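In case you want the letters, here they are:
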Amino acid sequence: MAMFGMKKAKPSEGSELVLAYLEDAQRVRATVITLDPKGREIPASLVAVTEERVTLSTQGKVMAEKGESIGLIFYLDGLRLKTKARIQELKTGTMILDLPASIELAERRRKPRARLNQREGATAIALTGLFDGIGLTGTVDNISEAGFCMKVGRAMNVKTQGPMHLGPSLVSAGQPFMLIKLSKLPKCPLIELAGTVTHVASEGSGLTIGIAFESGKESLLGPVKSLVSSRASAIPSTVPPKARRPQEPKEAPAEAPIEMTAPRPAPPKALEPPPTPPVVPAAAAPEPQLDPEPMPAPAATTVPEAPEANSRGSALLRVKKRSRGILLAMPEGSDRETLAAFLTNDGYGRVRVAATLTELLAHLDEVQLVFVDGGVAELQGLALASLVRQRLEAPVLLAEASVDAELVLGAQESGVAQIIVKPYELDQDFLHMVEEHLGLA
């Protein structure tokens, strides 16, 4: 019966819960903070989550070594969650961890908190002093009876009325605010009271600040209590159960090779010669003379392009192509080799290929355009294109078999230059498209 025991072991219940939360956090691009062994915080984002490891893109230097334990804090479903894992691999901007064994709550709230929609227009003004100090204005992100969280829109010097830089050093935990003014809270009057900073978080170009209300103002905060009770439930004492979503992205790599081989012109044309008897050498000889073009499909398309390129762009275009680098993020195979040869024959001097994330990151600094078709072993499709756009200010072309509204919106948000519907033809139109994105057209 040993032959039936070769299946991959299923994750334990604890790992299933971790996977469910991490996969959802990656899907919604939740805010992630890594904690090095000394507790220093480094902003990060989830790139890939599998049953063996977790890949993160870090926005700063991680002061840790391979094998050390790293903490992860992320926000999902209105909860602050924490987990730990050991480092498998650490490179500049990328960190790969073992799959965490467990997950736990890391709530700082003492009472339930209600999240507010930006369209509700709830605003906050916080002043450290009436005649000097710092003044902050922004929107209320969430609120409870104990305090609230605001997204700072503007900071100013109260005395000079001049603007101040929105950075994590603007205020610090423990900073008192003499006056806090909350306006346009749903079903609440104007509220004025004092408070103290509890935490400061820098997210991209924005700044989020948590403020605790001064004690003894329960009667003033009665409307806030009613608002919270109508929108939020009690804070859980343990991590709520969560089921994993169907793993649709894993089917994409299996579909890509099937769809890529189907449209290839080479296999049908390779079947044309067999009608002539292969035994008779004399009959086989005339065929290359009669059909020189159908035999090698990629070469046939590039042959007429050489004189056309000369007429279109002269020597200057050829020089520019030699200096341009193109990276093909595709699995190994004949499709990748054909496309690489097609671009090389057209005059591009640096055509690089990558089948793994390590190879891709190694080539990013030397290319001016990235073509994602299938992706690399660790990451595919739009997720890989998004990672490339985070690291490289260059056009990214994404080839997909099917295009829907979700893919288009995701591509626009990620900054993908163009979506190409598969199957695509390696012809003059394809070369014109590449030249336009490289600024050569």
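Bear in mind the structure is a predicted one, so any value in this text is a computation, not a measurement. (Residues numbered from 1 in each chain as written. Predicted model: local features only at pLDDT ≥ 70, side-chain atom pairs only at ≥ 80, totals over all residues. Heavy atoms only, no water.)

Asks: What am I meant to see in the overall build of the protein chain here?
Replies: For the protein chain, the count of helices and strands is 13 helices and 19 strands. Counting every position in the protein chain, which comprises 441 residues, the buried fraction comes to 40%. Considering only contacts in the protein chain between residues 6 or more positions apart, those separated by 24 or more positions represent 61%. Here the protein chain has roughly 23800 Å² of accessible surface; of this, 55% comes from carbon and sulfur atoms. (Helix = DSSP H or I, 4+ residues; strand = E, 2+ residues; numbered from the N terminus. Buried < 20%, exposed > 50% of the residue type's maximum accessible area, 1.4 Å probe, protein only. Contact = heavy atoms within 4.5 Å. Areas by Shrake-Rupley, 256 points an atom, 1.4 Å probe, with all protein chains shown as cover.)

Asks: Even after reading the chapter, I still don't get unusual backbone geometry, so can you show me in this structure?
Replies: Peptide bonds are mostly trans, and most non-glycine residues show a negative phi. A cis amide bond, omega 0°, links Lys422 with the succeeding residue Pro423. Within the fold, Pro423 resides in the loop between strand 19 (418-421) and helix 13 (428-437). The phi torsion at Gln161 lies on the positive side, around 65°, for a residue other than glycine. By the element assignment, Gln161 lies in the loop between strand 11 (147-157) and strand 12 (176-183).

Asks: Is there a simple way to think about the packing of aromatic side chains in this case?
Replies: How two aromatic rings sit relative to each other is given by the distance of their centres and the angle of their planes. Taken as a whole and assessed by the stated rule, the structure comprises 5 aromatic pairs. Centroid distance Phe371 to Phe430: 5.9 Å. Interplanar angle 70°. Geometry classified as edge-to-face. Taken as a pair, Phe371 in strand 17 (residues 369-373) and Phe430 in helix 13 lie far apart in primary sequence, 59 residues in all. On the basis of relative accessible area, Phe371 is assigned to the buried category, the value being 2%. Of the residues examined, Phe430 reaches a relative accessible area of 6% and is grouped as buried. Taken together, the ring pairs connect Phe342, Phe371, Tyr424 and Phe430 into an aromatic cluster. Of note, Lys242 hangs over the ring of Tyr21, and the distance from its end group to the ring centre comes to 5.2 Å. (Phe/Tyr/Trp six-rings, centres within 6.5 Å; stacked < 30°, edge-to-face > 60°. Lys NZ or Arg CZ within 6 Å of the ring centre and 35° of its normal.)

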